[in-house]
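Working through the structure, step by step
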Amino acid sequence: VVIRAQNGELLYRISPWARYVVRDEDKVNYDWVHWNPPQSYIRKHPSPKRLKSLRIYESHVGIASPEGKVASYKNFTYNVLPRIKDLGYNCVQLMAIMEHAYYASFGYQVTSFFAASSRYGTPDDLKEMIDVAHSMGITVLLDVVHSHASKNSEDGLNKFDGTDSCFFHSGPKGTHQLWDSRLFDYANWEVLRFLLSNLRMWIEDYHFDGFRFDGVTSMLYHHHGIGTGFSGDYNEYFGLHVDEDALCYLMLANHMIKFLHPECITIAEDVSGMPALCRPVAEGGGGFDYRLAMAIPDKWIQIIKELKDEDWNMGNIVHTLTNRRYEEKYIAYAESHDQALVGDKTLAFRLMDAEMYTNMSVLSPLTPVIDRGIQLHKMIRLITHALGGESYLNFMGNEFGHPEWLDFPRKGNNESYHYARRQFNLTEDHLLRYRFLNAFDRDMNKLEERFGWLASPPAFVSEKHESNKVIAFERAGLIFIFNFHPYQSYVDYRVVIWHSSLIVIFKYKILLDSDAAEYGGHQRLDHSTEHFSEEYPHNYRPNSLMV
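Every value quoted in this text rests on a predicted model; they were computed, and no experiment measured them.

**Considerations on the packing of helix H6 (residues 295–306) against helix H10 (residues 368–387)**
Contact pair H6 / H10: the axes reach a minimum separation of 12 Å and the direction vectors enclose 150 degrees. Between H6 and H10, the interaxial angle falls into the category roughly antiparallel. When you trace H6 past H10, the crossing you get is right-handed. Packed against H6, whose contacting residues are Ile296, Trp300 and Ile304, the element H10 presents Ile380, Ile383 and Thr384 at the interface. A class-by-class count of the residues in the contact of H6 with H10 yields 5 nonpolar, 1 polar and no charged.

**A closer look at unusual backbone geometry**
The backbone of Phe106 sits at a positive phi, close to 65 degrees, despite the residue not being glycine. As for its position among the elements, Phe106 is in the loop between strand S7 (98–99) and strand S8 (112–116). By relative accessible area, which is 3% here, Phe106 ends up buried. Non-glycine residue Glu404 carries a positive phi angle of around 65 degrees.

**Observations regarding empty space enclosed by the protein**
Taken as a whole and judged by the stated rule, the model has 3 cavities of 30 Å³ or more. Taken as a whole, the largest cavity encloses approximately 50 Å³ of empty space. Together, Ser47, Pro48, Lys49, Arg50, Leu51, Thr139, Asp209, Glu263 and Ile265 line the largest cavity. For the lining of the largest cavity, the residue count by class is 3 nonpolar, 2 polar and 4 charged. Quantified by volume, the second largest cavity comes out at close to 40 Å³. Every residue lining the second largest cavity is listed: Glu58, Gln93, Arg212, Glu269, Leu292, Met294, Tyr333, Ser336, Asp338 and Leu393. Among the residues forming the lining of the second largest cavity, the class breakdown is 4 nonpolar, 2 polar and 4 charged.

Conventions we followed
Residues numbered from 1 in each chain as written. Predicted model: local features only at pLDDT ≥ 70, side-chain atom pairs only at ≥ 80, totals over all residues. Heavy atoms only, no water. Axes fitted to C-alpha atoms, helices over the stretch in contact; angles between N-to-C directions. Helix = DSSP H or I, 4+ residues; strand = E, 2+ residues; numbered from the N terminus. Parallel < 35°, antiparallel > 145°, perpendicular 65-115°, else oblique. Left-handed = near helix turned anticlockwise from the far one by under 90°. Contact = heavy atoms within 4.5 Å. Nonpolar A, V, L, I, M, F, W, Y, C, P; charged D, E, K, R; others polar. Buried < 20%, exposed > 50% of the residue type's maximum accessible area, 1.4 Å probe, protein only. 1 Å grid on protein atoms, 1.4 Å probe; cavity = no way out; pocket = protein on both sides within 12 Å on 5 of 7 lines; lining within 4 Å. Points joined across faces, edges and corners; volume = space filled by probe spheres on them.

Nothing here speaks to function; it is all geometry.
This is the structure:
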């Protein structure tokens, strides 16, 4: 598109509504390509019914291969989707789909909002990928970035008409200090039309089943959350520091999505805890279905980094996992892509660090570091899954303790793809201990699918024992018992059961055991044992059982 600016200058731009943009290897900028194949992809499968509980596999198409290259939509369709299905996840959240000129931005510096990234393949390849996911009963969400945009002008939205205020606020208000990107003017009628039609396009053309809105905290406040802590005091959420135009846009977006496509799901990435963000717009809420429980991964990192095992505080762990706004749904996660990025560490790497290079083979002795790391990796995931929210999220590869970090090709690493890949092959090697973690993650998800604890009311926590380091709770008719003590096991341990019937005796059996041999455990529990409830008061409840 050639635009004559107010000063007479001719500007060469890409249409903001371009559906397909490509970059030749010898060029710096992207070019807009008219995508009109003789035979467009024809959808074969309907979208899955709306899920009661989400088990989300957060994914990036480009790194979804053990090979050191940019992987394709086709690779994801035929190699990764069957794996996700086998692991028991029922939802895929796709990052970095909206076109972004800079690959190392992880997709968060968007240049073409209506274009599916061409570095992985064609728009039809993406449509096929979503269709195949639907055929497996997998819901597909898009990680949508409407909180900011890339500063690129020739192949982005910045200075589209030669001014700095076409889609964005002019002056300092239109630039994010930390992200070095442009901020939308949500009071502008045309900006609202642009963003709302963008959401409709992804749903109606590509058949995405909903969105994870990125950077919601930055949108909600004029200070964008920079240098601000949130304690939960209501003065932090209601006042002149709230960007009402952005909040209204989010309400409008959710209202439009629910009105046109009631089956669609929306998730807010908000670290502040804005009240009623996940209540219906009709109630005056933000209209989102779920919010990310962002305090949980921070808590696990803090515990592992700062505390010795014997100093872990059971009450504090339970408080963090249960501290959520009443009647608002949360997505719990032990770690996401944020923790996997270069400069940070995944839980597995924090727990086992350098020993992952030498002692993950079953042929080498099980060292205390690897033993502790494998057991805590499983326990942290299960307690987060069962206690932390109404849905669960995992970033691809972290389910089996993917070694090392994630780093995209850039000048600082000589454009290397070595860390921009996921080594799924590690789980297929029977001589490596990664398969134990992979199997536990799969069986944990399959158990949730069977009993539906994520869609059940919040858990009843019966025990947070500081000296025993035991946490016990009941949810969806299951009793969860965790022993976080570094060296103490217990025999004939009494645990509360919620049922208060004096007539019926309930029988309990072990369903999932992190100490089982197939998960790299020590087989200290007899799975044939039957546990019976008895009328024996314990922890202020009339009935209990011995384990």
